[in-house]
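Next come the chains, spelled out residue by residue.
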Amino acid sequence: MDEELIDDEEDFLNKPDNDAVIQKVCLNIDSANGVIKEQKYGKASVLLEVTSKMVLDKFGLVHSGYLFSSAAYCALLAVNEPNGIMIGAEVKFLAPIELGNEVLFRAETLQEDTKKREVKVEGFVLDIKIFDAIFYVAVFDKHVLSLHITKEMEKKMG
């Protein structure tokens, strides 16, 4: 019976993770935006390690833009569409962050089958929720910078 238990454990450990995905977005992003801790279909988590370059003042207060950037990165990883771009966000910064903290962002898509995706992102220091947001991501058929611009648009633009 012990052998069966060991075989079952080995099978479990060697079983492929069907939720795992191949990262298709943010392939060139600077690691200062955070380190990917998990990426699955419709979900992602990113760990932001606060550095002295993110600090605003002598007290060690971190600029909220770094938190926003890391959370947006996490949202794009959850959507994982190469032609997806951030088009909006509703954000709440629930607590200040100081040098020495690590922030874990967790993102989950609220729907996957539309051109406009909503992604819930929460940020935590230890078990304390310090960030709450909904990000809006538009998904295009082609890269947004390669979309065809008509001659009339070119004339209007200059």
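Here, the structure is the one placed above.
None of these values were measured; they are calculated from a predicted model.

Student: Any chance you could explain the overall build of the protein chain here in plain terms?
Tutor: Across its full length, the protein chain carries 3 helices and 6 strands. Within the span of the protein chain, comprising 158 residues, buried residues form 31% of the whole. Taking contacts inside the protein chain between residues at least 6 apart in sequence as the whole, the part at least 24 apart equals 60%.

Student: How do you make sense of the pairing of strand β2 (residues 43–49) when you look at a structure like this?
Tutor: Of all 7 residues that make up β2, 5 are buried, and the element is covered over most of its length. Taken together, the 5 bridges between strand β1 (residues 35–40) and β2 define a ladder with antiparallel strand orientation. Bridging across to β2, Val-35 finds its partner in Leu-47. Between β1 and the antiparallel strand that follows it, β2, lie 2 residues; Gly-42 among them carries a positive phi value of about 80°. When β2 meets strand β4 (residues 102–109), the two strands line up antiparallel, connected through 7 bridges. Counterpart to Ala-44 in the pairing with β4 is Ala-107.

Student: Help me understand the pattern of salt bridges in this model?
Tutor: Should the charged atoms of two oppositely charged side chains come close, the side chains can pair. Evaluation of the coordinates by the stated rule reveals 6 salt bridges. When the shortest N-O distance is used, the salt bridge between Glu-38 and Lys-40 registers 3.6 Å. Each member of the salt-bridge network shares a partner with another, and the members are Lys-120, Glu-122, Lys-129 and Asp-132.

Student: For this particular structure, what's the right way to read the packing of aromatic side chains?
Tutor: Each aromatic ring pair is specified by the distance between its two centres and by the angle formed by the two planes. What the rule picks out here adds up to 3 aromatic pairs. Considering the side-chain rings of Phe-68 and Phe-135, the 5.3 Å spacing of their centres and the 55° angle between planes classify their relative orientation as tilted. Taken together, the residues span a long stretch of sequence, with Phe-68 in helix α2 (residues 64–79) and Phe-135 in strand β6 (residues 128–139) at a distance of 67 residues. Phe-68 sits in the partly exposed class, given a relative accessible area of 31%. Look at Phe-105 and Phe-131: their rings are 5.4 Å apart centre to centre, the planes differ by 85°, and that puts the pair in the edge-to-face class.

Student: Just to check I follow, could you spell out α2 for this structure?
Tutor: The α-helix advances 3.6 residues per turn, and as a result positions three or four apart in sequence lie on the same side. When the terminal C-alpha atoms of α2 are compared, their 23 Å separation across 16 residues agrees well with the 22 Å that a helix rising 1.5 Å per residue should span. Here α2 has its buried residues at Leu-67, Ser-70, Ala-71, Ala-72, Tyr-73, Cys-74, Ala-75, Leu-76, Leu-77, Ala-78 and Val-79. Next to the buried residues of α2 lie β1, β2, β3 (84–93), β4, β5 (116–125) and β6. Positive backbone phi, approximately 55°, marks Asn-80, located one or two places after α2.

Student: I keep staring at the nonpolar core and nothing clicks. Help me out?
Tutor: For soluble globular proteins, the rule of thumb is that nonpolar side chains tend to be buried together. Ile-97, Val-103, Phe-105, Val-119, Val-121, Phe-131 and Phe-135 are the most contacted members of the largest nonpolar core, which has 30 residues in total. Those elements that provide at least two residues to this core are β2, α2, β4, β5 and β6. Counting residues per element, this core draws most heavily on α2, at 10 residues. The residues touching Val-103, leaving out its near neighbours within four places in the chain, are Val-46, Leu-47, Leu-48, Leu-67, Ile-97, Gly-123, Phe-124, Val-125 and Ile-130.

Student: Even after reading the chapter, I still don't get the sheet that holds β5, so can you show me in this structure?
Tutor: Spatially, 6 strands are ordered β1-β2-β4-β5-β6-β3 in an open sheet, and the strand pairing comes out antiparallel. The open sheet has two edge strands with one neighbour each: β1 and β3. Taking the axes of each pair of neighbouring strands and ignoring which way they run, one obtains an average angle of 20° across the sheet. Lying on the sheet, α2 is in contact with β1, β2, β3, β4, β5 and β6; it crosses β2 at an angle near 155°.

Definitions and limits used
Here the residue index of a chain counts from 1 through its sequence in written order. Selection of residues for local features in this predicted model requires a pLDDT of at least 70, selection of side-chain atom pairs for listing and counting requires 80 or more, and totals for whole chains, interfaces and linings are taken over all residues. Only hydrogens and water are set aside when side-chain values are computed; all heavy atoms of the structure are taken into account. Under the scheme used here, helices are H or I runs from DSSP no shorter than 4 residues and strands are E runs no shorter than 2 residues, and both carry numbers assigned from the N terminus. With a 1.4 Å probe rolled over the protein chains alone, any residue whose accessible area is under 20% of its type maximum counts as buried; one over 50% counts as exposed, and the rest are partly exposed. In this description, contact between two residues means that some pair of their heavy atoms is separated by no more than 4.5 Å. If DSSP finds at least two bridges between two strands, the strands pair. Between Lys or Arg on one side and Asp or Glu on the other, a salt bridge is scored when a side-chain nitrogen of the former is within 4 Å of a carboxyl oxygen of the latter. Centres within 6.5 Å make a pair out of two Phe, Tyr or Trp rings, where for Trp the six-membered ring is used; the pair is then stacked when the planes are under 30 degrees apart, edge-to-face when over 60, and tilted otherwise. Multiplying 1.5 Å by the helix residue count minus one yields the expected span of that helix. Definition of nonpolar core: a set of buried residues of the types Ala, Val, Leu, Ile, Met, Phe, Trp, Tyr and Cys, connected through side-chain atoms within 4.5 Å. Throughout, an axis means a line fitted to C-alpha atoms (over the contacting stretch in the case of helices), and angles, computed between N-to-C directions, take values from 0 to 180 degrees.

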